[in-house]
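Residue-level structure breakdown
Letter by letter, the chains look like this.
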Amino acid sequence: MILVTGGAGYIGSHYVQYALEQGEQVVVLDNLVFGHREAVPEGVELITGDMGDTDLMNKIFTEHNIDAVVHFAAYAYVGESVTDPCKYYNNNTVATLNVLDAMRRHKVNRFVFSSTCATFGNPVRVPMDEEHPQSPINPYGQSKYFVEQILRAYHHAYGFQFVSLRYFNAAGADPKGRIGESHDPETHLIPLIMQTAQGKRQHIGIFGTDYDTPDGTCIRDYIHILDLAQAHDLALKRLRSGGESAFYNLGTEQGYSVREVVSVCEKVCGRKIAVQELPRRAGDPPRLVASASRAKKELGWQPRFENLEEIAQTAWNWETSRRY
Ligand SMILES: NC(=O)c1ccc[n+]([C@@H]2O[C@H](COP(=O)([O-])OP(=O)(O)OC[C@H]3O[C@@H](n4cnc5c(N)ncnc54)[C@H](O)[C@@H]3O)[C@@H](O)[C@H]2O)c1
């Protein structure tokens, strides 16, 4: 059985759905600070609690026959991590250490970790492969980078087996429309555009139009949520079959500028989106694009959504019929 922390959140819930379809048994731990009970499929046990609670973690490992942890639980607002770093170091690093130590006590040593391209900081070359230097520029990225360092040490000292997946920008929703993205506050570009298309927001802000990119706006790599789910499944299969611990970057290897994303979404939503051009935001690199060849080669990962229009279509279907 797999323990999925943060399984009621955006990416975690899509992984849970995918894992069930692969015949896995899962139990979800989520404190529902950002997650949604409705995102956890019927029949899956949802334990509502905090991963920083040592007694709860012991109870979960005692009562369930867990052989692996897929760890999504974290706070993920970069801006907030700058104004309240304590919250990020405590939840993303210290509480994760609590999960790892509970695993150690209960002799569970397979761990798949939601890492991020934010562990790299400002790119020195693009596309970014796994060997790109890591120098995170905000507490969010650091809190994840610290966990990566802890994993290396736990692997060395205690025989922990892990795969750390560094996602670029997660996007889209379950193509069957059962679950999707629902963050509050929402900070991700595609749902913000779609909510603007629905009249729920007046306009979409573009932060910086004078970057050294073809249209002056920032370029990002958008990866579909099911392709991320697939990578977690493959990562766990790798660990279960005795594969080495590893780090993988996950993206489509294709960058889209903010203006390009707006224009693709306009096509998908069938309406014009009001745009407000704003000054640059501190800490936004001009271009973040993954090199994902290692994941393809070593995990056999094959992203199915390589086209932004298809990804945006799943997000639009969700936005127009969402349940939570
Ligand atoms: N969304 C992205 O583009 C992106 C990119 C890179 C990495 N990530 C990472 O992926 C993971 C999932 O991101 P998401 O977008 O699904 O976020 P999310 O907020 O939707 O999901 C995180 C879940 O973890 C839960 N949680 C947080 N702290 C907890 C705790 N102490 N105990 C129990 N549950 C807790 C929240 O309630 C939430 O349901 C995070 O670790 C994030 O850092 C996300």
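In case you missed it, the structure is sitting above this.
Notes on the structure follow. (Residues numbered from 1 in each chain as written. Predicted model: local features only at pLDDT ≥ 70, side-chain atom pairs only at ≥ 80, totals over all residues.)

1. Here we look at the sheet that holds strand β6 (residues 161–167)
The condition that has to hold: Between any two strands, at least two bridges found by DSSP are needed for them to pair. A run of H or I in DSSP becomes a helix once it reaches four residues, and a run of E becomes a strand once it reaches two; helices and strands are each numbered from the N terminus. Throughout, an axis means a line fitted to C-alpha atoms (over the contacting stretch in the case of helices), and angles, computed between N-to-C directions, take values from 0 to 180 degrees. Placing C-beta atoms from the backbone, we regard two residues as in contact once those atoms come within 7 Å.
In spatial order, the strands read β3-β2-β1-β4-β5-β6-β11; together these seven strands make up an open sheet with parallel pairing. The open sheet is flanked by β3 (45–48) and β11 (246–250), the only strands paired with a single partner. Along the sheet, successive strands turn relative to each other by an average axial angle of 20 degrees, direction set aside. One ladder, built from four bridges, connects strand β2 (residues 26–30) with β3; its direction is parallel. Each residue of the ladder has a partner; that of V27, found in β3, is E45. Seen against the sheet, helix α5 (residues 139–158) touches β5 (110–116) and β6 and runs at an angle of roughly 155 degrees to β5.

2. Quick word on α5
This is how it is decided: The length a helix should cover is 1.5 Å for every residue beyond the first. Every C-beta atom is placed from the backbone, and the number of other C-beta atoms within 10 Å of a residue's own sets its class: buried at 20 or more, exposed at 12 or fewer, partly exposed in between.
In this model, α5 (20 residues) spans 27 Å end to end at C-alpha, consistent with the 28 Å of a helix rising 1.5 Å per residue. Taken residue by residue, α5 has P139, Y140, G141, Q142, S143, K144, Y145, V147, L151 and Y154 as its buried positions. In the core, the buried residues of α5 are packed alongside α3 (78–83), α4 (85–105), β5 and β6. Following α5 by one or two positions, G159 adopts a phi angle in the positive range, close to 70 degrees.

3. So, the packing of helix α6 (residues 189–197) against helix α8 (residues 258–269)
The packing of two helices is summarised by the inter-axis angle and the distance between the axes. Rule in force here: Throughout this description, any angle smaller than 35 degrees is read as roughly parallel, any larger than 145 degrees as roughly antiparallel, any in the 65 to 115 degree range as roughly perpendicular, and the remainder as oblique. Definitions for this section: a left-handed crossing has its near helix turned counterclockwise from the far helix by less than a right angle. A right-handed crossing has that turn clockwise.
Direction vectors running N to C along α6 and α8 enclose 45 degrees, while the axes themselves pass 10 Å from each other. Taken together, the axes of α6 and α8 are oblique relative to one another. Along this stretch, α6 crosses α8, giving a crossing that reads as right-handed. On α8, the residues that touch L189, I190, I193, M194 and A197 of α6 are V258, V261, V262, C265 and C269.

Everything listed here is a matter of geometry and, on its own, says nothing about what the molecule does.
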